[in-house]
Amino acid sequence: MVAYTTFAVAITTLLGLSSAAPGYVKPTGVVKRIFAGSTTANGGLHFEPENVVAEIGDLVEFHFLPKNHTVVQSSFDKPCEPLADGSGIFSGFNFATPSGEADNVFTFLVQNKEPFWYYCSQTNGNHCQKGMNGVINQNFDNGKTLAVYKANAVNTVTVQPSADKLASQGGNIVPNKPL
Ligand SMILES: [Cu+2]
């Protein structure tokens, strides 16, 4: 019994140290692919699927279809604006493609189970206002739904996360490997 208790404490300490390391989550090996753009839905101004459930450590992989889309993290309360504290994820305008999928994808590991709201910051055609936005791990109990986000987005003005249109943050730009 004494030995077991000591072992349990040691394990707890180890877990505590691991979770304290900033930005570290253990990859699950699961990949959640989301397409920025669509060949069918909403005139192409669409993330597909736009409402995703993911576990901590899942890899989110954005594939970009025509024409020139981005992914920018926002809050629920301020659609089409980056997180006010500057900590949000964004892809930059690095994935323009005239047809098919862009050569690169944008990836990041899911860090927690909090809702992750995001939008496309392309202002040529007002993508966010027209419904090009989405959520990972929506909380289905609190009324903060993607439908409400979309309704609130209609009358906003899109804000870019950086003056540098190519700047990205919080993820990786890697080659788009065929399945
Ligand atoms: Cu877009």
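Rules of the game
- Position numbers for residues count from 1 along each chain, tracking the sequence in the order it is written.
- Totals for whole chains, interfaces and linings use all residues, but because this is a predicted model, local features are given only for residues with pLDDT of at least 70 and pairs of side-chain atoms are given and counted only at 80 or more.
- Any two strands are treated as partners once DSSP identifies two or more bridges connecting them.
- Under the scheme used here, helices are H or I runs from DSSP no shorter than 4 residues and strands are E runs no shorter than 2 residues, and both carry numbers assigned from the N terminus.
- Counting other C-beta atoms within 10 Å of its own, a residue is labelled buried from 20 upward, exposed at 12 or fewer, and partly exposed in the gap between, with every C-beta atom placed from the backbone.

Caption draft 1: Here's a closer look at the pairing of strand β6 (residues 104-109). Alignment of strand β4 (residues 59-64) against β6, held across 4 bridges, turns out to be antiparallel. From the neighbouring strand, Phe-62 faces β6, where its bridge partner is Phe-106. As judged from the 4 bridges shared by β6 and strand β9 (residues 172-175), these two strands associate in the antiparallel manner. Across the sheet, residue Asn-104 finds its bridge partner in β9, namely Pro-175.

Caption draft 2: Structural view of the environment of Leu-146. Residue placement: Leu-146 occurs in helix α2 (residues 146-153). You can call Leu-146 partly exposed: it has 18 C-beta atoms within 10 Å. Distance in space between the C-alpha atoms of Leu-146 and Glu-50 is 8.6 Å, their sequence separation being 96 residues.

Caption draft 3: Fine view of the pairing of strand β8 (residues 133-136). Here β8 shows a buried face lined by Asn-133 and Val-135 and a second buried face lined by Gly-134 and Ile-136. Sheet topology places strand β3 (residues 51-52) next to β8; 2 bridges connect them, and they run parallel. Within the sheet, the bridge partner assigned to Val-52 lies in β8 and is Ile-136. Sheet analysis places strand β7 (residues 116-119) next to β8, joined by 4 bridges and oriented antiparallel. What sits directly across from Tyr-119, in β8, is Asn-133.

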